[in-house]
Amino acid sequence: MEKEREKEIIAGRNAVAEALRAGRPIDSVYVRRGDRTGSVNAILRMARDAGVTIKDADPRKLDAMCAGENHQGVAAVAAVRAFSETEDIFALAENRGEPPFLIVCDEIEDPHNLGAIIRTAECAGAHGVVIPKRRSVGLTAAVGKASAGAVEYLPVARVPNIAAFLDEIKARGVWVYTADMDGADWCQTDFSGPAALVVGSEGFGVSRLVKEKSDFIVSLPMKGRINSLNASVACGILCYEIARQRAGITAKGGALK
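To start, this report covers the structure provided alongside it. Nothing here was measured: the structure is a model prediction, and the numbers come from that model.

Quick word on the side chain of S219
And step 1. Inspection of the secondary structure puts S219 in strand β10 (residues 216-219).
And step 2. Residue classification places S219 among the buried positions, given a relative accessible area of 13%.
And step 3. A distance of 2.4 Å separates a polar atom in the side chain of S219 from the backbone oxygen of D180.
And step 4. Polar side-chain contacts of S219 include one of 2.6 Å to the backbone nitrogen of G183.
And step 5. Ignoring anything within four residues of it in the chain, the contact list for S219 reads D180, M181, D182, G183, A184, D185 and W186.

Let's talk about helix α5 (residues 86-96)
And step 1. When α5 is considered as a whole, its buried residues turn out to be I89, F90 and A93. Angularly, the buried residues of α5 cover 95° about the axis, an arc narrow enough to put them on a single face. Exposed and oriented more than 90 degrees from the buried face of α5 are E94 and N95.
And step 2. In this structure, the buried side of α5 is in contact with β5 (101-106), β6 (128-132), β7 (156-159) and α8 (162-171).

Regarding the nonpolar core
And step 1. With 34 residues, the main nonpolar core has I103, C105, L114, I118, V129 and L197 as its most contacted residues.
And step 2. Elements supplying a minimum of two residues to this core: β5, α6 (111-123), β6, β8 (175-185), β9 (195-200) and α10 (231-247).
And step 3. A total of six residues in this core trace back to one element, the largest contributor, which is α10.
And step 4. Look past the residues within four positions of L114 in its chain and what remains in contact with it is C105, I108, I131, V137, G138 and V143.

Notes on the pattern of salt bridges
Pairing between side chains of opposite charge can happen when the charged atoms of each approach one another.
And step 1. Under the criterion given, the structure shown has nine salt bridges.
And step 2. Here K170 makes a salt bridge to D215, at a shortest N to O gap of 3.8 Å. Separated by 45 residues along the polypeptide, K170 in helix α8 and D215 in the loop between α9 (208-213) and β10 bring together distant segments of the chain.
And step 3. You can call K170 partly exposed: its relative accessible area is 29%.
And step 4. We classify D215 as partly exposed; its relative accessible area is 30%.
And step 5. A salt bridge links R244 to E241; the shortest N-O distance between them is 2.8 Å. Residue R244 and its partner E241 are both found in helix α10; the two are separated by three residues, about one turn of the helix. For the residue pair R244 and E241, the accessibility class agrees, reading buried in each case.

Conventions we followed
- Residues numbered from 1 in each chain as written.
- Predicted model: local features only at pLDDT ≥ 70, side-chain atom pairs only at ≥ 80, totals over all residues.
- Heavy atoms only, no water.
- Helix = DSSP H or I, 4+ residues; strand = E, 2+ residues; numbered from the N terminus.
- Buried < 20%, exposed > 50% of the residue type's maximum accessible area, 1.4 Å probe, protein only.
- Polar contact = N/O pair within 3.5 Å; in protein donor to acceptor, adjacent residues only side chain to side chain.
- Contact = heavy atoms within 4.5 Å.
- Arc of directions from axis to C-beta.
- Core = buried A, V, L, I, M, F, W, Y, C linked by side-chain atoms within 4.5 Å.
- Salt bridge = Lys/Arg side-chain N within 4 Å of Asp/Glu carboxyl O.

Pasting the structure below:
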């Protein structure tokens, strides 16, 4: 646990400043709430210039994150790798000669879920994963571990606003499919063209605005007493239905869809 913590958390003003100056991939910088002194402001400027998310934090949260280290009101969460640009995802699809296939995560906060989604997306042939800058776990060490190394091969991009991003990709001809309750039957849906699959947060699902931006709402059958699946499990099932249709693999009995 201690070794993993050391790799993930950078504590203290000088340490965080040097990490940013060196161009080390940083997921987010946490600053003690209300602390905007001279040296902290310099760190925040560097973080903004690097596109790093800045978060205010309660002193107790910083103490817990840094496990007793003297953080001086500043800590950073190191990323296992730098984020990609959304254009990198489209470029990968073009290089493969395939219609774009993206996974869009709407506020996934559990690192194991995000890591599992990245792993499944890479295995299923997706071209990239997109997450929001805020209210989402980033590319932390725990996410990298849960992805089983897939984070090294699959572009993961971060955008300021998921709803606005959906508008952008729809203008590029990408169809948006959102996994949620009371939608169309997943195995009766045509996923064969350019597709973005949206998966919602663990506790609240997808936001109302994201639903409104979607072209299709797709649902999985729920036969038990529990009315929802783990986000990464639902994503995995739908990813492989998309992969099946794209590969032209017919279901038993000869039907493609």
